[in-house]
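# Results of the structural survey
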Amino acid sequence: MEYAIIIIAAIFVNNIVLAQFLGVCPFVGVSGKISTSVGMGGAVLFVMTLATVVTWLIQNYILVPFEITFLQTITFILVIASLVQMVEIILKKLSPSLYGALGVFLPLITTNCAVLGVAILTIQKDFNLMEGVVFAIATAIGFTLAMVIFAGIREHLDNMEVPKGMAGVPIALVSAGILALAFMGFTGLV
Amino acid sequence: MSQMKNFTKGFIKENPVFVLLLGLCPVLGVTSSAFNGLGMGLATTFVLVGSNSVVSMIKNFIPDKVRIPAFIVIIASFVTIVELVMQAYLPVLFEQLGLFIPLIVVNCIVLGRAEAFASKNSLGSSVVDGLGMGLGFAFALTLLGGVRELLGSGALFDFKFIESDAMLVFVLAPGAFIALGYLIAIINRLNKKNA
């Protein structure tokens, strides 16, 4: 039951992009097409889950026992950066086809604040490891969902006649706002 | 390029938010009021100036291959300084900005300036560049925060103009996207006129 609440809250109520504004850069930058959005979502799901597990272990078995939690920011970002690099190398060796699908998106993820954000949120919310994993997966699904819906809207926008000044990013942001408005309907669900 | 031009380019012409579209997460996340926007902007400015100056000082000692991780460690150190200082002296602001303070590390502007500018230029111009870009970022955040606060709660820097709540949606999440969209459209138009 508790897991169900975490999942619904992370996907719909506190959607990471539309309600918490994490990962807006790829949301605006990569979401031109539905297919690339799905690829990006897959890469984020993968890295976010791994990063949450590793940072949770580091926080609870290294930083807290040695009382150096003020180093959290530095440690986490280094872990995530090296993790991304490692995933890239391993994927290249083990599964070239998966690497082909996710490869281009991996380097972009280091600067995706959603990954670091979820790692820190998991610590702040005092989740245990299992809850952290569920939270990370659900958040990544929420991210993918928002990206795919938004990409669908943008594909349609390309065929519309938009006033000159609003063309491109401005109209995309305004439509993202309307999408966020729709997601606000989920408020109070859990 | 003269130092003056180097300093002012961050405000309108190469404004990191309105023109380069970098670092949008904190831009949308913390600008529910002008004061929050200003605080976040100044914190980012400090990190930018600090990381830019250190990077330009040690640019000749860092091997090319490990430069990005090295930059990230430098940036993360300055972010930690901001975190600790703010927690001690500005606890209310720290509470409101919350998660977005540690997330300055992954703000693309900071790493972007370190890589694109500070690693190639002298200490002096790197500091000026960091200051200009940072203040341009702060300017954008304050402007967006001001617009949202004015439309959403009828106030500016906590000074109430009207008593009742105005269009509350502008303080909430959707308003952030919509207000930023229109601001970018206006800035685009201004830039075109100047050019």
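Residues numbered from 1 in each chain as written. Chains lettered and ligands numbered in written order. Predicted model: local features only at pLDDT ≥ 70, side-chain atom pairs only at ≥ 80, totals over all residues. Heavy atoms only, no water.

## Comments concerning the packing of helix α8 (residues 129-157) of chain A against helix α9 (residues 169-184) of chain A
Residues and elements named next belong to chain A. The condition that has to hold: Each axis is a line fitted through C-alpha atoms, taken for helices only over the stretch in contact, and angles between the N-to-C directions span 0 to 180 degrees. Segments assigned H or I by DSSP are reported as helices when at least four residues long, segments assigned E as strands when at least two residues long, and all are numbered from the N terminus. Roughly parallel covers angles under 35 degrees, roughly antiparallel covers those over 145, roughly perpendicular covers 65 to 115, and oblique covers all other angles. The crossing is said to be left-handed when, going from far helix to near helix, the turn is anticlockwise and less than a right angle, and right-handed when the turn is clockwise. Whether two residues touch is decided by their heavy atoms; if any such pair falls within 4.5 Å, the residues are in contact.
The geometry of α8 relative to α9 is characterised by a closest axis approach of 11 Å and an angle of 135° between their N-to-C directions. Taken as axis vectors, α8 and α9 run oblique relative to one another. Where α8 crosses over α9, the two elements pack in a sense that is right-handed. When α8 is examined against α9, the residues L145, A146, I149, F150, I153, R154 and L157 are found in contact with a partner set consisting of I171, A172, S175, A176, L179 and F183.

## Considerations on the side chain of T52(A)
Residues and elements named next belong to chain A. Stated formally: Relative accessibility thresholds used throughout: buried, under 20% of the residue-type maximum; exposed, over 50%; partly exposed, between the two (1.4 Å probe, protein chains only). Here a polar contact is taken to be a pair of N or O atoms separated by no more than 3.5 Å, where protein atoms must pair a possible hydrogen donor with a possible acceptor and residues adjacent in sequence count only if both atoms sit in side chains.
Looking at the element boundaries, T52 is found in helix α3 (residues 34-63). On the accessibility criterion, T52 (3% relative accessible area) is buried. Within the structure, T52 has its side chain in polar contact with the backbone oxygen of M48 (distance 2.6 Å). Contacts of T52, omitting those with residues within four sequence positions, involve V118, T122, G132 and A136.

## Some points on the pattern of salt bridges
All names here are of chain B. Which entries qualify depends on this criterion: One speaks of a salt bridge when a side-chain nitrogen belonging to Lys or Arg is within 4 Å of a carboxyl oxygen belonging to Asp or Glu.
Taken as a whole, this structure holds three salt bridges over all chains when the rule is applied. Residue D64 is joined to R67 by a salt bridge in which the shortest nitrogen-to-oxygen separation is 3.7 Å. Owing to a relative accessible area of 25%, R67 belongs among the partly exposed residues under this scheme. Between D129 and R113 there is a salt bridge; the shortest N-O distance is 3.0 Å. Taken together, the positions of D129 in helix α7 (residues 123-153) and R113 in helix α6 (residues 108-118) put the pair 16 residues apart, joining distant regions of the chain. Across the pair, exposure class does not vary: D129 and R113 are buried alike. Members of the salt-bridge network, linked through shared partners, are D64, R67 and E115.

## Here we look at the packing of helix α4 (residues 72-94) of chain A against helix α7 (residues 113-124) of chain A
A pair of packed helices can be characterised by two numbers: the angle between their axes and the separation between those axes. Residues and elements named next belong to chain A. Selection rule: We call Asp, Glu, Lys and Arg charged. Ala, Val, Leu, Ile, Met, Phe, Trp, Tyr, Cys and Pro are nonpolar, and the rest, Gly among them, are polar.
Look at α4 against α7: their axes get within 10 Å of each other, and the N-to-C directions meet at 130°. Compared by their axis directions, α4 and α7 come out oblique. Crossing angle aside, the handedness with which α4 passes α7 is right-handed. Between α4 and α7, the contacting residues are Q72, F76, I77 and I80 on the first element and V115, L116, A119, I120 and I123 on the second. Grouping the amino acids of the contact of α4 with α7 by side-chain chemistry returns eight nonpolar, one polar and no charged.

## Looking at the confidence of the model for chain A
Low pLDDT marks stretches whose predicted atomic positions should not be read closely. Quick reminder of the rule: pLDDT gives the predictor's per-residue confidence on a scale running from 0 to 100.
Chain-level pLDDT for chain A is 83 on average; 95% of the residues reach the 70-or-more range. Put simply, helix α6 (residues 106-109) of chain A is where chain A has its lowest mean pLDDT, 72, and α8(A) is where it has its highest, 89.

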